[in-house]
Amino acid sequence: LPGYIYRHLIRKHIVRSAVGEEIVDFTTTPNDSEDREVVQTRGNNSRSSRHDAHGIIKHVTAALLEVRPGLASSPSMTEMSATAVEMLVFGEIYNEVFDEIAQLTKE
């Protein structure tokens, strides 16, 4: 399951980067019991790749720890699992994230 989620989310990021699709971000405020959907157009958001990377890392790590509970048996195992997911995600989309940061510093 985590592998499927990972591949799907990476593919979705690549398509959104190429097409300029809208970003859907789910946020929860302290007063809300449910997540609210916030939609932004990719062109107006200079942090879109970083948002995607954060979301992918969060969801894949959560799925991994749910499917393999032994990886959450200690704080160090959880940290190593999260680090492994981060390395995989940034290995795939590092160029987009770094280009976004470089573009932002030019402005």
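These figures come from a predicted structure and were not determined experimentally.

Engineer: Explain the environment of histidine 13 residue by residue, including any values.
Structural biologist: Relative to the helices and strands, histidine 13 resides in helix α1 (residues 2-19). Through-space distance from the C-alpha of histidine 13 to that of isoleucine 93 is 8.5 Å; in sequence the pair is 80 residues apart.

Engineer: Before we move on, can you summarise the environment of serine 48 with the specific residues and values?
Structural biologist: Looking at the element boundaries, serine 48 is found in helix α2 (residues 48-67). Accessibility expressed as a relative area gives 5% for serine 48, which makes it buried. Each C-alpha atom, one on serine 48 and one on histidine 13, is 9.3 Å from the other, the two residues being 35 residues apart in sequence.

Engineer: How would you explain the pattern of salt bridges if you had to name every residue and give the values?
Structural biologist: Within the structure shown, the criterion is met by two salt bridges. The partner of aspartate 52 in a salt bridge is arginine 16, and the shortest N-O contact between them spans 2.5 Å. In this pair, aspartate 52 sits in helix α2 while arginine 16 sits in helix α1, placing the two residues 36 residues apart along the sequence. Comparing aspartate 52 with arginine 16 shows no difference in burial state: the two are buried. Notably, a salt bridge pairs glutamate 100 with arginine 50, separated by 2.8 Å at the nearest N-O pair. Here glutamate 100, found in helix α3 (residues 75-106), pairs with arginine 50, found in helix α2; they are 50 residues apart in sequence, far enough to count as distant. Overall, glutamate 100 belongs to the buried group, its relative accessible area being 10%.

Conventions used here
Numbers given for residues are sequential positions, taken from 1 along each chain in its written order. Only residues with pLDDT of at least 70 are given local features in this predicted model, and only at 80 or more are side-chain atom pairs given and counted; all residues enter the totals for whole chains, interfaces and linings. Side-chain calculation: all heavy atoms of the structure are included, whereas hydrogens and water are not. Numbering goes from the N terminus for both helices and strands, where a helix is a DSSP run of H or I of at least four residues and a strand is a run of E of at least two. Here's how the labels work: a residue is buried when its accessible area is under 20% of the maximum for its type, exposed when over 50%, partly exposed in between, all with a 1.4 Å probe on protein chains only. Salt bridge criterion: a side-chain nitrogen from Lys or Arg within 4 Å of a carboxyl oxygen from Asp or Glu.

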